[in-house]
Amino acid sequence: MRIILFGPPGCGKGTQAIFISEALAIPHLSTGDMLRSAVSSGSEIGLKAKNIMESGGLVSDQIVFSIVEQRIAKDDCEKGFILDGFPRTVNQAEKLDSLLSANNKLDYVLRIKVDEEEIIKRLIDRAREDDKPDIIKNRFKTYNSETQPLIPFYEDRKILFNINGMQEIEKVSEDIKKIIGVF
Ligand code: B4P
């Protein structure tokens, strides 16, 4: 199964990806985690990504896509994967389409919906490097301008499903299970 977890920063994509990955035995591919590990390794990609991530912007489509392309080519992705935080622009979504052949199309785009006020609270509690009020504000701006256009993009294909992310973690997981048919 090929699944995209979609939603604003801090809506719980990473949290839910862990349980889906265990339930379906498919890998969890988080571009945020991959970029953070590139930053901590001090690689060339990491050096390019660091300032952008710290400002709440998006790392270039070219860099993110090359990371995803290499990861999806690995054997463990043959039966499927969960993309967490990718695509984040229409350009990334189109590039992903070009990578997936007719036999390995996307099955579900799961959109986790949470109010901005609740997300700000969660992110401030999480206290990651990029969870400071000014950066959170920028991440929202970026989400609204760059990432929201993906909603009609996937709605048109009838693979976008809305999930109420304003519930307890277990309840959000239950709702996801009902959609993807895992019990
Ligand atoms: P990400 O790592 O994707 O960060 P995120 O959107 O904040 O996380 P997520 O939605 O997974 O929230 P989580 O489950 O942790 O991106 C970070 C940065 O990387 C971006 O700003 C960008 O610069 C760069 N980047 C990544 N992908 C990119 C791409 N494709 N293109 C370009 N740049 C890219 O949940 C948040 C908190 O809420 C946690 O503390 C969790 O415990 C809590 N929580 C979760 N569900 C809850 C619930 N139901 N109730 C209460 N709390 C809950």
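Residues numbered from 1 in each chain as written. Predicted model: local features only at pLDDT ≥ 70, side-chain atom pairs only at ≥ 80, totals over all residues. Heavy atoms only, no water.

Draft legend 1. Expanded view of the overall build of the chain. Counting its regular elements, the chain contains 9 helices and 5 strands. Secondary structure of the chain in N-to-C order comes out as β-α-β-α-α-α-β-α-β-α-α-α-β-α. If you line up the chain on its principal axes, its C-alpha atoms span 40 × 35 × 30 Å. The burial tally for the chain puts 46% of its 183 residues in the buried class. Nonlocal contacts in the chain, meaning residues at least 24 apart in sequence, comprise 73% of its contacts between residues at least 6 apart. As displayed, the chain offers around 9700 Å² of accessible surface, 50% of which is attributable to carbon and sulfur atoms. Across the chain, 26 positive and 29 negative side-chain charges occur, with their mean positions spaced 1 Å apart. (Helix = DSSP H or I, 4+ residues; strand = E, 2+ residues; numbered from the N terminus. Buried < 20%, exposed > 50% of the residue type's maximum accessible area, 1.4 Å probe, protein only. Contact = heavy atoms within 4.5 Å. Areas by Shrake-Rupley, 256 points an atom, 1.4 Å probe, with all protein chains shown as cover. Lys, Arg positive; Asp, Glu negative; His and termini not counted. Charge placed at Lys NZ, Arg CZ, Asp CG, Glu CD.)

Draft legend 2. Highlighting the pairing of strand E1 (residues 2-6). Counting buried positions over the 5 residues of E1 gives 5, a clear majority of the element. Of the two faces of E1, the one carrying Arg2, Ile4 and Phe6 and the one carrying Ile3 and Leu5 are both buried.

Draft legend 3. Quick peek at empty space enclosed by the protein. Under the definition given, this model contains 1 cavity of 30 Å³ or more. Quantified by volume, the largest cavity comes out at close to 50 Å³. What lines the largest cavity is simply Leu5, Phe6, Gly7, Lys13, Gly85, Phe86, Pro87, Arg88, Tyr143 and Thr147. Secondary structure elements with two or more residues in the lining of the largest cavity: E1 and helix H7 (133-147). A breakdown of the residues in the lining of the largest cavity according to their chemical character gives 5 nonpolar, 3 polar and 2 charged. (1 Å grid on protein atoms, 1.4 Å probe; cavity = no way out; pocket = protein on both sides within 12 Å on 5 of 7 lines; lining within 4 Å. Points joined across faces, edges and corners; volume = space filled by probe spheres on them. Nonpolar A, V, L, I, M, F, W, Y, C, P; charged D, E, K, R; others polar.)

Draft legend 4. Spatial organisation of the packing of helix H2 (residues 31-41) against helix H3 (residues 44-55). The N-to-C vectors of H2 and H3 enclose an angle of 115°; their axes lie 7 Å apart at closest approach. The angle between H2 and H3 falls in the class roughly perpendicular. With respect to the hand of their crossing, H2 and H3 are arranged in left-handed fashion. Touching Gly32, Leu35, Arg36, Ala38 and Val39 of H2 are Ile45, Gly46, Ala49, Lys50 and Met53, all from H3. (Axes fitted to C-alpha atoms, helices over the stretch in contact; angles between N-to-C directions. Parallel < 35°, antiparallel > 145°, perpendicular 65-115°, else oblique. Left-handed = near helix turned anticlockwise from the far one by under 90°.)

Draft legend 5. Representation of the site of the ligand in the model. Not every one of the 31 residues close to the ligand is listed here, only the nearest: Gly14, Thr15, Gly57, Arg126 and Arg139. Contacts to the ligand include Gly10, whose backbone N or O atom sits 3.2 Å from an oxygen atom. Measuring from an oxygen atom of the ligand, one finds a backbone N or O atom of Gly57 at 2.7 Å. Out of a free accessible area of 1000 Å², the ligand has 87% covered by protein chains. Given that more than half its atoms are within 2 Å of the pocket grid, the ligand belongs to the largest pocket. (Near = heavy atom within 4 Å. Polar contact = N/O pair within 3.5 Å; in protein donor to acceptor, adjacent residues only side chain to side chain. Sits in = over half its atoms within 2 Å of the grid points.)

Draft legend 6. The pairing of strand E4 (residues 108-113), seen in detail. Counting buried positions along E4 gives 5 out of 6 residues, so the element sits mostly inside the fold. Pairing of E1 with E4, which is carried by 4 bridges, proceeds in the parallel orientation. Across the sheet, the residue bridging to Leu5 is Leu110, located in E4. Here E4 pairs with strand E5 (residues 160-164) via 5 bridges, running parallel. In the sheet register, Val109 faces E5, and the bridge partner there is Leu160. (Pairing = 2+ DSSP bridges.)

Draft legend 7. A look at the pattern of salt bridges. Taken as a whole and assessed by the stated rule, the structure comprises 14 salt bridges. Residue Asp76 is joined to Arg71 by a salt bridge in which the shortest nitrogen-to-oxygen separation is 2.7 Å. Given a relative accessible area of 42%, Asp76 falls into the partly exposed group. One salt bridge in this structure joins Arg139 and Asp131, with 2.9 Å as the shortest N-O distance. Grouping residues by exposure puts Arg139 and Asp131 together as buried. Within this structure, Arg126, Arg128, Asp130, Asp131 and Arg139 form a network of salt bridges that share partners. (Salt bridge = Lys/Arg side-chain N within 4 Å of Asp/Glu carboxyl O.)

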